Amino acid sequence: MPRANAAGHDASVPATPSSAHDPWWRHAVVYQIYPRSFCDSDGDGVGDLAGIRSRLDHLTWLGVDAIWLSPFFPSPMADFGYDVSDYCGVDPLFGTLADFDALVADCHERGIKVIVDWVPNHTSDEHPWFVESRSSRESPRREWYVWRDSPADVPGRPPNNWLAQFPDGPAWTWDEATGQWYLHLFTPQQPDLNWDDPEVESAMHDTLRFWLDRGVDGFRMDVVHTIGKDPELPNLPTGRERDAVIANDVAVTHDRLRAIRKVLDEYPGQRTSVGEVYLLSPERIATYYGRGDELHMSFNFSALWSRWSAEAWTRNLDEVATHLDPVGAWPTWALSNHDVPRHRTRYGSEARARAAAMLLLTLRGTPFLYAGEELGLTDAEITAADQVDPGGRDGCRAPVPWDPSTTHGWVRADNWLPWPPDAATLDAASQRRDPASVLHLYRRLLTARRGSPALMQGALGRRLAPDGVLLYERRIVAPVNDRRLVIVNFGDNAAHVATDLEGDEPVRWSVEVSSDGSGEGDVFSGTLEPSQAVLLRPAADTGHSTGHSGPT
Ligand code: GLC
C-alpha cells in the first residue's frame with residue numbers, strides 16, 4: 001500500500017511504499033500527544049479529544065506520520081490516566097468513544113496513523129477487577145493482583161524491600177479488610193496486575209482487540225517489561241530498593257510479549273508496538289524485540305537521558321550499532337516525553353535544542369517527538385501551589401500555546417497547569433509566520449527526511465571527526481542510490497570539519513538543512529558555528545528532495 005500523501009506534504013516528494021520488510025512504522029515520524037495538555041475545546045481547563053481534532057492541520061503542515069496518544073481512558077487520575085479504571089472507554093473529561101472514532105477517522109483521512117497507550121502492568125485501584133480482588137481472599141479475581149503476607153519472621157513488615165517509583169514509600173499497601181499486602185510499583189492507586197494468572201493475560205489481550213477493532217495502528221506499551229516478575233519477588237540490594245522498574249528483566253516476559261505480538265498479527269495493516277522498556281541498557285532492550293516476534297520497537301532511555309556531548313552521543317550510536325543492528329532490532333530515538341524535563345530545558349539553549357532536532361530526525365530509526373518540542377518550549381515553572389503530579393513531572397506537561405492571545409487558542413487563560421515561558425512568542429501561530437523559527441526548522445527536517453531514502457532507510461556510518469563533533473553518513477545503494485552527511489557541533493567553539501570521507505572520491509556537499517537556518521542551498525564551507533548542526537547532500541545531486549519551500 002502506498003503511503004497516503006497527507007495534505008500539505010511536499011507534493012514533489014513521492015510517497016514511500018511499505019512492504020512486509022519495510023513497514024510504515026520504520027519510516028514514520030511519531031508525534032506524542034499528552035491529551036490533557038494539547039488543546040481544550042470545552043473550557044474545563046483540560047485538553048480533550050475534540051481539541052486534538054481541531055489541531056490536526058498543525059500536524060499535517062508539520063508532516064508527521066503518526067500520533068501516539070497518552071491515556072484518555074476512564075481514570076480517577078491519580079497518575080493522570082496511567083491509572084486506568086476501564087481499558088475500553090474514554091474518560092468524560094476527554095470526550096466519548098464517538099469523539100475517539102471521529103479522531104481516528106480524521107487522522108486516517110490525512111494519512112496519519114494512530115497509536116494509543118496501553119497500560120498492562122497495573123490498573124487503577126478503582127478498576128472493577130481490583131475492587132473485586134480486594135473484596136475478599138476468596139474472590140474469584142483475588143489472584144488477578146499480587147497479594148502477599150508479611151514475612152513469617154517479621155509480622156507487620158511488607159513482603160520485600162521494594163519502594164514505589166513515586167510517591168516516597170513502599171511498593172506495598174496493607175489491605176486492612178483482607179489482611180494482606182498488594183504490590184504497586186507506582187502509586188498505591190495503581191495495583192500491579194498478576195500476569196501469572198492466565199485469565200489476566202487473556203483479559204488484557206481482549207483490551208488490545210477492543211482498540212484494534214476500532215482501527216488503531218498500534219500501541220505504546222507502558223513499562224511493558226514489568227508484566228513478568230521473578231515469582232520470588234526477591235529483595236533488591238541495599239540502596240537500590242527503588243529500582244524494581246529498572247531491574248525487572250525476567251524470561252517469562254518474553255513469552256508474554258510473543259503472545260501479545262500474535263494478537264497484533266491477527267489484524268491486517270502492520271499494527272505496531274513500541275515498548276516502554278525502561279532498562280537503560282541497549283543490550284538488554286535488544287532482547288525485547290525477540291526474533292522479530294516480540295515488540296516491533298522499544299524506546300532507548302539511556303540515549304534520552306544522556307548528556308549533550310559528542311562523547312555521549314557517539315556512545316549511543318555505537319551501542320545501537322553493537323546491540324540492535326546485528327539482530328535486526330529497529331532503533332527508536334526520543335529526546336523528550338511527558339515524564340522528563342524537555343530537552344530544550346535539559347540542554348540549556350535554543351541553539352542546542354535545534355542541533356538536537358537535527359540529530360533526532362537524521363539518525364537511523366523511528367523518531368518520537370513530544371508535542372511542543374517543535375515550538376522549542378521549555379518547561380513551565382511550577383510553584384508548590386501549582387504542583388499536581390505525584391511524580392513531580394508537571395513542568396513538561398504545561399499546555400501547548402497555539403496563538404499569542406491570552407488564552408493561546410485554548411478556551412481559558414488559566415488551565416490545569418500554567419503556560420510554559422514565552423508562550424506569547426513561542427506559540428504555533430507566531431512561529432508559523434516566521435521562517436527562522438524552531439517550528440520551521442522541524443518542518444524542513446521532516447521534509448528532508450521524507451525526501452531521502454538514505455535518511456529513512458539507509459545505513460548509518462559514523463566517521464572520524466574533531467573533538468566535540470559528531471559526523472555520520474546515511475547511505476542506501478538499493479533500490480536507489482542516496483546519501484546524506486550529518487555534522488553536529490556539540491561544542492561552544494566553531495569547528496572546522498573535513499568532509500572527504502575515507503576511501504571515497506572527493507564530494508562537494510551542499511547544505512540541505514542547517515540548525516540555525518544559515519547557508520541552506522550553499523556549498524558547505526567546512527565550518528560550523530558553536531552548537532550548530534548541518535544536513536548535507538552531494539552538491540551535484542539534483543534529485544527530488546531539493547525543495548522544502550512549501551507554503552507557510
Ligand atoms: C510510565 C508512564 C508514566 C507513568 C508510569 C506508570 O512510566 O510514562 O507517566 O506514571 O508509567 O504508569
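Residues numbered from 1 in each chain as written. Predicted model: local features only at pLDDT ≥ 70, side-chain atom pairs only at ≥ 80, totals over all residues. Heavy atoms only, no water.

(A) Here's a closer look at the overall build of the chain. In terms of regular secondary structure, the chain is built from 17 helices and 18 strands. Compactness check: the chain gives a C-alpha radius of gyration of 24 Å against a globular reference of 24 Å for 552 residues, within 12% of the reference. Looking at the 552 residues of the chain, the share that counts as buried comes to 59%. A sequence separation of at least 24 residues applies to 67% of the contacts in the chain between residues at least 6 apart. For the chain, the exposed area adds up to about 20600 Å²; of that, 52% sits on carbon and sulfur atoms. (Helix = DSSP H or I, 4+ residues; strand = E, 2+ residues; numbered from the N terminus. Rg over C-alpha atoms; globule rule 2.2 N^0.38 Å. Buried < 20%, exposed > 50% of the residue type's maximum accessible area, 1.4 Å probe, protein only. Contact = heavy atoms within 4.5 Å. Areas by Shrake-Rupley, 256 points an atom, 1.4 Å probe, with all protein chains shown as cover.)

(B) Layout of helix H6 (residues 198-213). Counted at 1.5 Å a residue, the expected span for H6 with its 16 residues is 22 Å, and the 22 Å between its end C-alpha atoms agrees. On the buried face of H6, the contacting elements are helix H4 (97-109), strand S3 (113-118), helix H5 (128-133), strand S7 (218-221) and helix H8 (252-265). Looking at where H6 begins, the residue whose side-chain oxygen comes 2.8 Å from the main-chain nitrogen of Glu199 is Asp197. Phi turns positive one or two residues past the end of H6, at Gly215, with a value near 95°. (Expected span 1.5 Å × (residues − 1). Polar contact = N/O pair within 3.5 Å; in protein donor to acceptor, adjacent residues only side chain to side chain.)

(C) Examining the packing of H6 against H8 more closely. Closest axis-to-axis distance for the H6/H8 pair is 10 Å, and the angle between their directions is 30°. With respect to their mutual orientation, H6 and H8 come out roughly parallel. Regarding H6 and H8, the two cross each other, and that crossing is right-handed. Packed against H6, whose contacting residues are Glu201, His205, Leu208, Arg209 and Leu212, the element H8 presents Arg256, Ala259, Ile260, Val263 and Leu264 at the interface. In terms of residue class, the contact of H6 with H8 is made up of six nonpolar, one polar and three charged. (Axes fitted to C-alpha atoms, helices over the stretch in contact; angles between N-to-C directions. Parallel < 35°, antiparallel > 145°, perpendicular 65-115°, else oblique. Left-handed = near helix turned anticlockwise from the far one by under 90°. Nonpolar A, V, L, I, M, F, W, Y, C, P; charged D, E, K, R; others polar.)

(D) Just the packing of aromatic side chains, in detail. In this structure the tally under the stated criterion is 28 aromatic pairs. Between the aromatic rings of Trp147 and Tyr182, the centroid separation amounts to 5.6 Å while the plane-to-plane angle is 70°, which identifies the pairing as edge-to-face. Of this pair, Trp147 sits in strand S4 (residues 147-148) while Tyr182 is found in strand S6 (residues 180-183), placing the two residues 35 residues apart along the sequence. We classify Trp147 as buried; its relative accessible area is 7%. For Tyr182, a relative accessible area of 3% translates into the label buried. (Phe/Tyr/Trp six-rings, centres within 6.5 Å; stacked < 30°, edge-to-face > 60°.)

(E) Fine view of the sheet that holds S4. Sheet architecture is open: three strands sit in the order S4-S6-S5, paired in antiparallel fashion. Looking along the sheet, the strands with just one partner apiece sit at the ends: S4 and strand S5 (172-175). Looking at chain direction, S4 and S6 are connected through two bridges and run antiparallel. Across the sheet, the residue bridging to Trp147 is Tyr182, located in S6. (Pairing = 2+ DSSP bridges.)

(F) Here's a closer look at the pairing of strand S14 (residues 482-489). Here S14 lies mainly inside the structure; eight of its eight residues are buried. Residue alternation in S14 divides its side chains into two sets, Asp482, Arg484, Val486 and Val488 and Arg483, Leu485, Ile487 and Asn489, and both sets are buried. With eight bridges connecting them, strand S13 (residues 469-476) and S14 associate as antiparallel partners. Each residue of the ladder has a partner; that of Val469, found in S14, is Asn489. Count of turn residues in the S13/S14 antiparallel hairpin: five residues.

(G) Summary view of the site of the ligand. Taken together, 13 residues are adjacent to the ligand, and Asp79, His122, Asp222, Glu276 and Asp339 come closest. Take Asp79: an N or O atom from its side chain is 2.5 Å from an oxygen atom of the ligand. In the environment of the ligand, an oxygen atom lies 2.9 Å from a nitrogen or oxygen atom belonging to the side chain of His338. When isolated, the ligand has an accessible area of 310 Å², and the protein chains bury 96% of it. (Near = heavy atom within 4 Å.)

(H) How the structure looks around the pattern of salt bridges. A complete count under the given rule lists 36 salt bridges for this structure. Taking the shortest distance from any N to any O, the salt bridge between Asp222 and Arg220 comes out at 2.7 Å. Here Asp222 falls in the buried class, since its relative accessible area comes to 7%. Put simply, Arg397 and Asp389 hold a salt bridge, and the shortest N to O gap is 3.6 Å. Considered together, Arg397 and Asp389 belong to a single accessibility category, that of buried residues. Residues joined in a network through salt bridges with shared partners are Asp79, Asp339, Asp389, Arg393 and Arg397. (Salt bridge = Lys/Arg side-chain N within 4 Å of Asp/Glu carboxyl O.)

(I) A look at the nonpolar core. Among the nonpolar cores identified, the biggest contains 146 residues, and Tyr31, Leu69, Phe72, Phe100, Phe219 and Trp313 are the most heavily contacted of them. In contact with Tyr31, not counting residues within four places along its chain, are Phe38, His58, Leu59, Leu62, Val64, Ala66, Ile67, Trp68, Leu369, Ala371, Gly372 and Glu374. Counting residues in each nonpolar core, the second largest holds 13 residues, with Leu471, Val497, Leu528 and Leu536 among its members. (Core = buried A, V, L, I, M, F, W, Y, C linked by side-chain atoms within 4.5 Å.)

(J) Spotlight on the environment of His27. Looking at the element boundaries, His27 is found in the segment before strand S1 (30-33). Taking C-alpha positions, His27 is 6.4 Å from Thr366, a pair spaced 339 residues apart along the chain. One polar contact links His27 to Asp22, side chain to side chain, over a distance of 2.9 Å.

(K) Just the pairing of S13, in detail. With respect to burial, S13 is a largely interior element, seven of its eight residues being buried. Counting the residues between successive antiparallel strands, the hairpin from strand S12 (residues 459-463) to S13 contains five residues, one of them, Gly468, with a positive phi of roughly 80°.

Such coordinate-based values are descriptive only and should not be taken to indicate function.
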